[in-house]
Amino acid sequence: MAAFVATGDYVNPANDDICDASLLTLGVGVMGNNENATIQGSAEYNVNVPVVATDSENGWITDHNVHNTVWYKFVAPTTGAITISSEANFDIQVAMFAGSCSNIGGLSMVLADDAIGSDQAAAEFTSYCDQAGTTYYIMVDGFGTESGDFILAVNSLDILRP
């Protein structure tokens, strides 16, 4: 029997790049992993996430850095509210962006959840999709350099803004 020898080569997740974001179906949860993920061009992404989180007094995260991001996307079928929820075996951070994958520096953060507090392995927030047919991007990261397995879902609340 041949011995297995690790070469030290690691495979990045297929959705490591925003333009390779995995397509989500509303109402269907997916399993993911951000181990061996990277960040995209620190110069154009600026490695900083704006301070707009829902679950932190100080915003997204204490140091505003992202380290091992994977990307998902969904197309809003209608105008209305959606909930993005996640569970993980690490301290997860989730953010929703609008914009084009070809201009990552021009992405606009819609909302984010840093999952701080008593349940650091779960993040959830509700947002509003302004226009049917718009593609939204979801970034999953771990606090600091944390990574691991997670479940992510986007659900339509079928609530229209008055």
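Scroll up a little and you will see the structure.
Residues numbered from 1 in each chain as written. Predicted model: local features only at pLDDT ≥ 70, side-chain atom pairs only at ≥ 80, totals over all residues. Heavy atoms only, no water.

Let us look at the overall build of the protein chain. On a plain count of helices and strands, the protein chain comes out with one helix and nine strands. Beginning at the N terminus, the succession of helices and strands in the protein chain can be written as β-β-α-β-β-β-β-β-β-β. Considering the protein chain as a whole, with its 162 residues, one finds that 42% of them fall into the buried category. Here the contacts in the protein chain between residues at least 6 apart in sequence split such that 79% fall between residues at least 24 apart. Of the roughly 8400 Å² that the protein chain leaves accessible, carbon and sulfur atoms contribute 51%. (Helix = DSSP H or I, 4+ residues; strand = E, 2+ residues; numbered from the N terminus. Buried < 20%, exposed > 50% of the residue type's maximum accessible area, 1.4 Å probe, protein only. Contact = heavy atoms within 4.5 Å. Areas by Shrake-Rupley, 256 points an atom, 1.4 Å probe, with all protein chains shown as cover.)

This paragraph deals with the pairing of strand β4 (residues 80–88). Most of β4 sits inside the fold, with eight of its nine residues counted as buried. Pairing geometry for β4 and strand β7 (residues 122–129), over eight bridges, is antiparallel. Pairing of S85 across the sheet is with E124, part of β7. Across seven bridges, the pairing between β4 and strand β9 (residues 149–156) is antiparallel. Pairing of S85 across the sheet is with A153, part of β9. (Pairing = 2+ DSSP bridges.)

Tracing the backbone through its elements, the reader meets N68 in the loop between α1 (42–45) and β3 (70–75). Judged by relative accessible area, which is 6%, N68 ranks as buried. Non-local contacts of N68, meaning those with residues more than four positions away in its chain, are made with N34, A37, T38, I39, V140, D141, G142, T145, E146 and S147.

Here we come to the sheet that holds β9. Spatially, the four strands line up as an open sheet ordered β2-β9-β4-β7, and their pairing is antiparallel. Each edge of the open sheet carries a strand with a single partner, namely β2 (30–33) and β7. The average angle at which neighbouring strand axes cross in this sheet is 25 degrees, direction not considered. (Axes fitted to C-alpha atoms, helices over the stretch in contact; angles between N-to-C directions.)

As a further point, take the sheet that holds strand β8 (residues 135–142). Here five strands make up an open sheet; going across it, the order is β1-β3-β8-β5-β6 and the pairing mixed. Taken across any chain shown, the strands that pair with only one partner, and hence form the sheet edges, are β1 (22–23) and β6 (108–113). In terms of strand pairing, strand β5 (residues 92–98) meets β8 through seven bridges, oriented antiparallel. Bridge pairing in β8 places A98 opposite Y136.

Moving on: the state of the cysteines. Applying the stated criterion to the full structure yields one disulfide. C19 shares a disulfide with C101; S-S distance 2.3 Å. Residues C19 and C101 share a disulfide whose torsion about the S-S bond is about 105 degrees; that sign makes it right-handed. Placement of the pair is C19 in the segment before β1 and C101 in the loop between β5 and β6, with a sequence separation of 82 residues. Assessed through its relative accessible area of 39%, C19 is described here as partly exposed. (Disulfide = S-S within 2.5 Å.)

Now for the nonpolar core. The biggest cluster of nonpolar side chains holds 23 residues, and the ones touching the most others in it are F74, I84, I138, F150 and L152. Elements with a minimum of two residues in this core: β3, β4, β5, β7, β8 and β9. Setting aside anything within four residues of it in sequence, one finds F74 in contact with L23, L24, L26, I82, M96, C129, T134, T135, Y136, I138 and V154. Core analysis: the second largest hydrophobic core is formed by twelve residues, A21, W71, F97 and A112 among them. (Core = buried A, V, L, I, M, F, W, Y, C linked by side-chain atoms within 4.5 Å.)

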